[in-house]
Structure formats: structure tokens, C-alpha cells
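In case you want the letters, here they are:
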Amino acid sequence: MALETTITPPLANELLCSNRFGTFFGVTQQVFDTVWGNLTNPTGNTVAYISMEIGADPDVFHPLKNFLEQQETYNNSDPQLNSLLQKYLHGPRKIPNYSGGLGVLAGDTLKSFADIHIPALAISLLYREGYFSQIVDSKVGQIDHATRWRPENTPSLFQLNDPQAPDQPLTIDIPFYNGQPKPTMIKAHVWMKMEIADRLDYFVPEFLLDYSLPDAPMWVKDSAHQLYNAKSTIIKANQRRMLGSAILPLLETLGLTAGTIHLNEQHGVTVTLHLILQELQATFGEAFLDIATDADIHATAERVSRKIVYTIHTPVKAGHDRFSRDLYSTISHRTFQRILNLLAHDDEVGHEYNFTAMAMRINRAINSVSRLHRDVTKKQFPAFSKKIKAITNGVHHLTWISDNRSTCFDQIPSLHNWRENPGCFASMSSQDLPQLSTTLQKAWSQDNQRLISYINVMLKSHRDQMIETWIDPPNHLSSLPETEWLHPGVFTIGFARRFSTYKRADLILDDIGRLSDILIKNNWPVNFIFAGKAHPADEPGKSVLKLILDSQKELYTRSNGLGKLIFIPGYDMCVAKIMVAGVHAWLNSPKRPLEASGTSGMKAAMNGVPNISIMDGWWVEGYHEGLTGWKFGHEGTVEDADLSETPDSLLYTEDANAFYELLPSVLEIFYNQPKLFLSRALSNLQLNIPIFNTHRMAAEYVKQYDLQLDPQLEVNIDRFCQLYQSEQATE
Ligand SMILES: *Cc1c(COP(=O)(O)O)cnc(C)c1O
């Protein structure tokens, strides 16, 4: 659909571009100027997307590297270009600035903005120690340590320079009020990650603030190096401020004019304090604090609201920031306290500020991330019920469809433009189905082999490294002969996500005896593959992870070696991509309705892999009986008790039993009716790719940004919106 005109691909040396902040690589100067020109246009006809984390590792999507690899090998006389080429072709491939679904969604969204040419920029933080790196020891469980990475060496990441002193990094001054009338100015450097469109004809800049400077005060250093550092509440509050307080100074220093600010979760919501402060000063002058009444502050907040779009991502309490009023008085300003008293009061806990409540109050649109989540959010925040809408999440199809599946789709005539238009799967010609079935089956088995050999290599390396590292291999299989390791073609079920207790990673291990009996009865071998990190401060989450490790031997023994339970340490986007394409089914076992959307199941669906899932989040919309996969467990209208996260309210027995009742029918189809099993994959392509992709989701958001776009772009956005209307159904 978009961009039907053919464009001649540029040469590598035409992809150098620059402006007063430095020299960059990846798009032509013309594209660069167009994008930058839009973002600095005085009309402010653009959106700034604010997120605490952005997950966009180059190893899972890197159109520029693919392009360079297709070119002749370079022997370029330009040393600057040569070193860039080396970096892009062989450089590191991770940017560990994310912890899980929220960050990956942000990255996928920005990639879709780039592909469909939305004038957008993003703002986040740069964490020199990332989130954390995970080691797993079978006796100890999860061990966390700082992630080592060097932004300097990372392709597509550039430090901005000071236009006045081009050999110096650009420094911006950010105001922090620490209980005094005047702010302390804190310095940050700025990195720009270019999120480049699949066709290299557009990009979205992500500005990452780097506060880890040598001269920074201790409290800044403590809060800057690690994402979601939870060593103290003050560190947590400071991390939020580092994002929220930097937005206006960053936009101003770079001359960016965004008319809309989209808060991806409430983490950056303190930007509204600064916006209100600015307006009060402009209206009432320096004595504003004595002159402005509460009604004036409300009216000012109302005006600021018009700039803000807000997306809430979870009904889980830990996702909603609350800070005690006493603590906040030490890190704010009298005006901020007045604003917070009026707009961040917590109706349940009087001595706390509730930042979710504040984000609910100051915005022009509130979005939830699935239809069920919309209904739950309305129940949790009845005062805003009328405003809360659903825009169901998606995933960036070009990131998550495996190379083997991509090659397969490329061969199908009616899917010729699947890269530009994921909607085309809905109108696939029936004549193409036989060919698609054959090639898809082949691609699926190649991806399964890839996953299995990835795991077998891992088992060996854990065993070999034990002598040097003293780490007990996290998998029981490492201690068995290699003939007992994994074999392709065995039914393989995957589960990978953060280890929060409500996600119940251990649900299907509730009764290992019963699970083993199911396998033994029909002599069905099954591989269960798990991965995921527990937040270092989440002791219950770490216990669930340890329980998976502790169950391996028991399952293996009781099922006579039929059930193999594997844990892959170091879950990241690359592991996710290998898993979602390599398994035969994707498992999702949260407590309903606490998984607001879930996106890993969508990544599986993009590859045609059916889900076996609780009726929660996106699956309420993606499940079609007898077509896209299977459902199990508790359903029905959501009651207040369903929102509880206490251990005894997590419904283990009931939902685990439902899983054991379902499992034999899934295995029966896989082992005895392979054609029927394959048809589940085709249904996922036809029914779920057109809906659960971020092109469609981005288009639904663009409608809320009120951008004035050129007519051809509007037409494309309307077409994506027509693929699905998230808001349509109500309970
Ligand atoms: C997709 C993804 C997630 C999110 O998975 P959910 O099913 O939404 O919990 C988390 N981590 C990584 C690395 C991912 O790729």
C-alpha cells in the first residue's frame, strides 16, 4: 500500500548525514533533513513519545545491516565511512535499556512509526548498567549482575555534540527541586538512537539521557545507572524525575516542537508539573505562588491536559507509582506540592501521592491496552470511566517474523507486500494456500531445529563452563548423556516473560504427577522451554524461577524421560525471537485479568504458532475456537476479588486442572493429525497478523495525536485503522 513507487537504493556513502549536533549514518541527507525539519517545525505538528524503557535490540531488527550485507564488500578510501561500516557489520547488537514487555512495545511502536512515516520522536534514559544480566545456578537460582555494554561502540547510537564546541558532547541542564525554592541544575548528555524504517527512507530519533557523568552528585549517580533500581524509594522517585524533568529542557535545547506528549505508562508524568509551573509563571509572574488560587491551578492543569495522551499498561498495583507526601516534600518545590495535593491525591491512602491518579487526571485521552483491560481499568478508576478507551497492543511484524517464515511469505503471490501491509494476510488468495502450507511447514521445522540446537549447544556450554565458573548448570539435562538432550520434531511448548508472580510461570507444574501421567499414557514426549528474569528485589518471583529449576528432575523421572523441562538464562529479545518461532505452541498462564495485554503470544501468532492461554489480555480478542489455538481456566465477569494478587487468591489448583484437561487434546492433534495442527498456523496468519501488529496500533494512536498529515499518509493510516477497531466491543 504505502510507497508503491520504486526508489533507487542509496549507496553506503550516501547514508552519511549531519546537522549541527553531529554526523550520523543510516539515511540520506535528504531524508534526515525532512525528518528533522518536521520535528523542529514551529507548528509543533509532531508527537514526543515518553518511555522509561525502550527495547529495540539491533540483533532482532536491523534493516541497515541487512542492506549493507547485500552490497559489494567495501574498500572505501574514506576512513570515517570505513569505521562506520565495520561497526554496523560487526558491532555489538544489544542496547539493554529495557526490562520486558513495556520496553519492547515502545521499541516496536517506534519502528512502526518509522515504517509508516509518522513525525515522532522518543525520550528515554540511557542506563550504563542496563537492567541486569541474569546468571542461573541450579542450587542458588537467579544471580544478577550489572550488564556491561558500551554505547560508544553500538551501531545506530550517536552521542550528540555541542554546536558551539563540536568536539564536545552536548550538555543539557535539567532542573531538580530538592525542597528549595530554586532548582539544582543537573547535567546530562544526550544519545540519539536512530530507529530506521525497513526501507531506509525515514527514521524516528530516540533521545536517551545519560546522567552518569563523572561530576554528577552521588544521588544522581545512584539513580542513573540501572533501570528500575529499587534499592530505595528515593532512587525510584529520582528515576521518574530524571525522565519527567528532562523532557522540556531536551525539547528546547534541540529546538524540537512536539505539540503532543504521549506518556507510555505514568513514569514520566512529572513533566506535567513543569508544564503547569511554566504556565503559572507566564500568567501570574514571579509572585504566582501567592496570587494563583486552587481554581487557577485547576484551570492551568486543564490547559496542559490538552497536550497529553496517556497509556496505562497494567492493573497490577506495583505498576502504579505511589510516594509518601513526606518523602516528596524533600524532592520538590512548594508549587509542585500544591499541584500534587490537588491532582495526585490518593483516594485510598491519604499520606501518599498516586502518580497513576495524576496521569489519569491530566490528559486529553486515556488508553488501555486491550478490551478486557479497558473494562478492568474502568472498574479501577470509575471517575475516568468515560474517557478510558482501548487501543489493543501489537508487535512489529518485521521484527518478530523469523527469517525462515519471511522467506516463505516472500514466495506467495498474494502476500507480495506483506512487509508494508500486514493486513494483506486477511485477504490472502485461497489459491495460494496449498503452497503456503507446504513452505510454512518447512520453515516451522527449520525454526524448531534452530531452537533445539540452540538449547543443546547451551546445555553443553553450561556443562563445560562449570569447571571454570563454579556455576551449577541450571538444567538437569546438562548432567545427562547428550543422547538424552533435545530432539527436533518433539512437541515443544514455550513460556517466556518476566517472572512476576501473577504470571504464574509454574502453573502447569502444580501437579507433576498428573502431568507425567498424561505423557506416559500415550507415550507422548514433550519439551517445556522456559525463560525470563525476576526483578532482583522480587523474592517471590525469584522463588517461582527456582521452583522451575527444582522441578526438572522430578518431571523427567516421573514421566520416564518423556517430559523435558528447560530453562534458558538471560532472556532478551534475541532469545524471544528464537523461541516464538521455534516452538509448536506458546503458553500463557497468568491470573485473569492481571495480564493487561501480553505481547509474546502475538509474536508467536505472527509466526503462525498457536497459543494455549488463559482468557486474558489480547487472547480474549485473538482466540477463535478451533482455529487460532486453545483457551483454559477461569473466565466470566471480573469481580473485585479477581484483582487480588495475594498468593492464596492466585487460583493455582483450578487453572492447573483446566490445563491438564486440555493438554491431551492438543497433543493428540499434534501427534496424530498434523494437517489439522498446521491449519491452526494458517488461521493465525490470516486472523491474527492483520490485527495484532504495531502498524495498526500506531495508526489508532495517530488518530489521537491530531497531527496534520499529508493526504496520502492519511489514506494509509485510515487503511490500517480499518483492519480493526480496538474500541468497538464493550462488555
Ligand atoms: C515480548 C517480550 C516481553 C513481553 O512478553 P509478555 O508476554 O508481554 O509478558 C518481555 N521480554 C522480552 C525480552 C520480550 O521480547
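Residues numbered from 1 in each chain as written. Predicted model: local features only at pLDDT ≥ 70, side-chain atom pairs only at ≥ 80, totals over all residues. Heavy atoms only, no water.

(A) Inspection of the packing of aromatic side chains at higher detail. Counted by the stated rule, this structure contains 36 aromatic pairs. Each ring, one from Y131 and one from F132, has its centre 4.8 Å from the other, and the planes form 55 degrees; the classification is tilted. Each member of the pair, Y131 as well as F132, is classed as buried. Against the face of F132 rests K533, its NZ or CZ located 5.0 Å from the ring centre. Between the NZ or CZ atom of K603 and the centre of the ring of W400, over which it lies, the distance is 4.2 Å. (Phe/Tyr/Trp six-rings, centres within 6.5 Å; stacked < 30°, edge-to-face > 60°. Buried < 20%, exposed > 50% of the residue type's maximum accessible area, 1.4 Å probe, protein only. Lys NZ or Arg CZ within 6 Å of the ring centre and 35° of its normal.)

(B) Structural detail: the pattern of salt bridges. Summed over the entire model, instances satisfying the criterion amount to 36 salt bridges. In this structure, R322 and D346 form a salt bridge, with 2.7 Å as the shortest nitrogen-oxygen distance. You can see R322 sitting in strand β15 (residues 322-324) and its partner D346 sitting in the loop between α12 (334-343) and β16 (352-354), a full 24 residues away along the chain. In this structure, the salt-bridge partner of R374 is E727, at a minimum N-O distance of 3.3 Å. Linking R374 in helix α14 (residues 371-380) with E727 in the segment after α26 (711-722), this pair joins segments that are 353 residues apart in sequence. Residue R374 is classed as buried on the basis of its relative accessible area of 1%. Through salt bridges with shared partners, a single ionic network connects R128, R150, E152 and D210. (Salt bridge = Lys/Arg side-chain N within 4 Å of Asp/Glu carboxyl O. Helix = DSSP H or I, 4+ residues; strand = E, 2+ residues; numbered from the N terminus.)

(C) Seen up close, the domain arrangement of the protein chain. One can read the domain layout of the protein chain as domain 1 (1-259) and domain 2 (410-698). Between the C-alpha centres of domain 1 and domain 2 there is a distance of 32 Å. Residue-level contacts link 36 residues of domain 1 with 35 residues of domain 2. In terms of surface lost to domain 2, no three residues of domain 1 exceed V60, Q134 and V136, which account for 20% of the buried area on that side. Linking domain 1 with domain 2 are 3 salt bridges, by the criterion used here. Ionic pairing is found between R199 and E420, a salt bridge with its closest N-O pair at 3.1 Å. (Domains from an automatic or database assignment. Contact = heavy atoms within 4.5 Å. Buried area = accessible area lost by both parts, 1.4 Å probe.)

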